[in-house]
Amino acid sequence: MVTTDFPMMRGLDAWRPSADFPLTRFFDSVFEDVRPLWAIGAAMQTPPVNLWEEGDNVMLECELPGVKAGEVDIEVSGDQLRLSVSRAEPKTDERKGRWLRRERAVGQFTRTIKLPYELDAEKVEAKLHNGVLTLTMPKAPHHRPHRVKLLK
Amino acid sequence: MNTTAIEVKKTQPSMDDKSDRMPYFEAAADIYEDPDGISVWLDTPGATPEGVSVTYENGALSVEASVIPTVSRPQYLLQEYELGHYRRTFRIGIPVDVENIAADLNDGELHVRLPKAHAAKARKIAVKS
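Described below are features of the structure shown in this document. Source: prediction; values computed, not measured. (Residues numbered from 1 in each chain as written. Chains lettered and ligands numbered in written order. Predicted model: local features only at pLDDT ≥ 70, side-chain atom pairs only at ≥ 80, totals over all residues. Heavy atoms only, no water.)

The next point concerns the overall build of chain A. Each helix and strand counted, chain A has 1 helix and 9 strands in total. Reading the secondary structure of chain A in the N-to-C direction produces β-α-β-β-β-β-β-β-β-β. For chain A, buried positions account for 39% of its 152 residues. For chain A, the computed accessible surface area is about 9500 Å², with 56% contributed by carbon and sulfur atoms. (Helix = DSSP H or I, 4+ residues; strand = E, 2+ residues; numbered from the N terminus. Buried < 20%, exposed > 50% of the residue type's maximum accessible area, 1.4 Å probe, protein only. Areas by Shrake-Rupley, 256 points an atom, 1.4 Å probe, with all protein chains shown as cover.)

Right, here's the structure in full:
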């Protein structure tokens, strides 16, 4: 049997400036299941992404723990990125035991993200490493600055 | 006057270490109990095997996983999550076969298996007639 976590171990401090306020602590201990958005378990439909620019590339990172390369499908057209992921259930013998906690989302989700630039779709690279998906997406040529050479 | 010298720690976090100021998050967990033991799965995306520590002490399972960011604080166009390390502790209410606790990390998913100690396993008791 697994009992509750240590209340001290709640890990959301960084997002809640009021974490040290005694009442907040109280409410946290009452509502045991306060969690970051991406960890609400089955309610989570789309894992969050981070997006930034790096020179001529648009970069995207997405946390996909436990997801294998074959379970991710990425489509790019113009300035649209479509991300489909399916995540399998943890392997257990359902007949023999019971779940004590289920916080992690499983199943399928699809998400379309509109990017600030059109992409050079052929050159988009995807990498899945340690449960983090990283996309390197070069901007379409007409979005890149044109470098002018000086005549000698 | 009676003064006690207090040792001052002089180490400074290196400015290169991007992971230094990252917060700790509670990793989402699935826990399954079967007749032979307990399985715990934790989502720790970005964690590497070198950065993971699993300890079992006084009936508590503690897991810590550190993440090394790939880029140093970029100017985000869109930021939906914050990078952070993971930390979580569970109290396990049954005797565990401590020697045989095993953990493995696969694609950012940490799995810990805690086999039950012999005394904690259910036994069928034959009723003599």
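Within chain B, the secondary structure is distributed over 0 helices and 9 strands. The order of α-helices and β-strands along chain B, N terminus first, is β-β-β-β-β-β-β-β-β. Counting over 129 residues, chain B shows a buried share of 43%. Considering only residue pairs separated by 6 or more positions, chain B has 60% of its internal contacts joining residues 24 or more positions apart. Surface exposure of chain B reaches about 8100 Å², of which carbon and sulfur atoms provide 50%. (Contact = heavy atoms within 4.5 Å.)

It is worth spelling out the interface of chain A and chain B at this point. Counting residues at the interface gives 52 residues for chain A and 48 residues for chain B. When chain A packs against chain B, the two sides together hide about 4500 Å² of surface, and 53% of this comes from carbon and sulfur. Taken together, the connections running from chain A to chain B amount to 10 salt bridges. Its salt-bridge partner being B:R88, residue A:E103 comes within 2.7 Å of it at the nearest N-O pair. Here the side of chain A that touches chain B is composed, by residue class, of 23 nonpolar, 9 polar and 20 charged. Of the strand pairs in this sheet, strand 6 (residues 98-102) of chain A and strand 2 (residues 29-34) of chain B are connected by 4 bridges, and their pairing is antiparallel. In the strand pairing of strand 2 of chain B, A:R98 is matched with B:E33. (Buried area = accessible area lost by both parts, 1.4 Å probe. Salt bridge = Lys/Arg side-chain N within 4 Å of Asp/Glu carboxyl O. Nonpolar A, V, L, I, M, F, W, Y, C, P; charged D, E, K, R; others polar. Pairing = 2+ DSSP bridges.)

Turning our attention to the environment of A:V76. Residue and element names in this part refer to chain A. Along the polypeptide, V76 turns up in strand 4 (residues 72-77). Residue class for V76 comes out partly exposed when judged on its relative accessible area of 22%. Separated by 72 residues in sequence, V76 and V148 place their C-alpha atoms 30 Å apart.

Now for the layout of surface pockets. In this structure, the largest pocket occupies an estimated 430 Å³ of space. Residue lining of the largest pocket: 24 residues in total, with A:E89, A:P90, A:K91, B:W41 and B:E109 positioned closest to the centre. For the lining of the largest pocket, the elements supplying multiple residues, two or more each, are strand 2, strand 3 (37-43), strand 8 (102-106) and strand 9 (109-115) of chain B. Broken down by element, the lining of the largest pocket gets its largest block of residues, 3 residues, from strand 9 of chain B. (1 Å grid on protein atoms, 1.4 Å probe; cavity = no way out; pocket = protein on both sides within 12 Å on 5 of 7 lines; lining within 4 Å. Points joined across faces, edges and corners; volume = space filled by probe spheres on them.)

Backbone geometry places A:N130, a non-glycine residue, at a positive phi of 50 degrees. Within the secondary structure layout, A:N130 lies in the loop between strand 8 (125-129) and strand 9 (132-138). One non-glycine residue, B:N58, lies in positive phi territory at about 45 degrees. Tracing the chain through its elements places B:N58 in the loop between strand 4 (47-57) and strand 5 (60-67).

Take the sheet that holds strand 4 of chain A next. Residue and element names in this part refer to chain A. Sheet architecture is open: 3 strands sit in the order 4-5-7, paired in antiparallel fashion. The sheet is open, and its two edges are formed by strand 4 and strand 7 (107-114), each paired on a single side. Neighbour-to-neighbour, the strand axes of this sheet turn through a mean angle of 10 degrees, independent of strand direction. Of the pairings in the sheet, the one linking strand 5 (residues 80-87) to strand 7 comprises 8 bridges and is antiparallel in character. Residue pairing in the sheet places S86 in a bridge with Q108 of strand 7. (Axes fitted to C-alpha atoms, helices over the stretch in contact; angles between N-to-C directions.)

One open sheet accounts for 5 strands, arranged 8(A)-9(A)-3(A)-2(A)-6(B); its pairing is antiparallel. Edge positions in the sheet fall to strand 8 of chain A together with strand 6 (76-79) of chain B, since each of these pairs with one other strand and no more. Direction aside, neighbouring strands of the sheet carry axes that sit 15 degrees apart on average. As judged from the 6 bridges shared by strand 2 (residues 49-54) of chain A and strand 3 (residues 57-63) of chain A, these two strands associate in the antiparallel manner. Within strand 3 of chain A, the residue paired with A:L51 across the bridge is A:L60.

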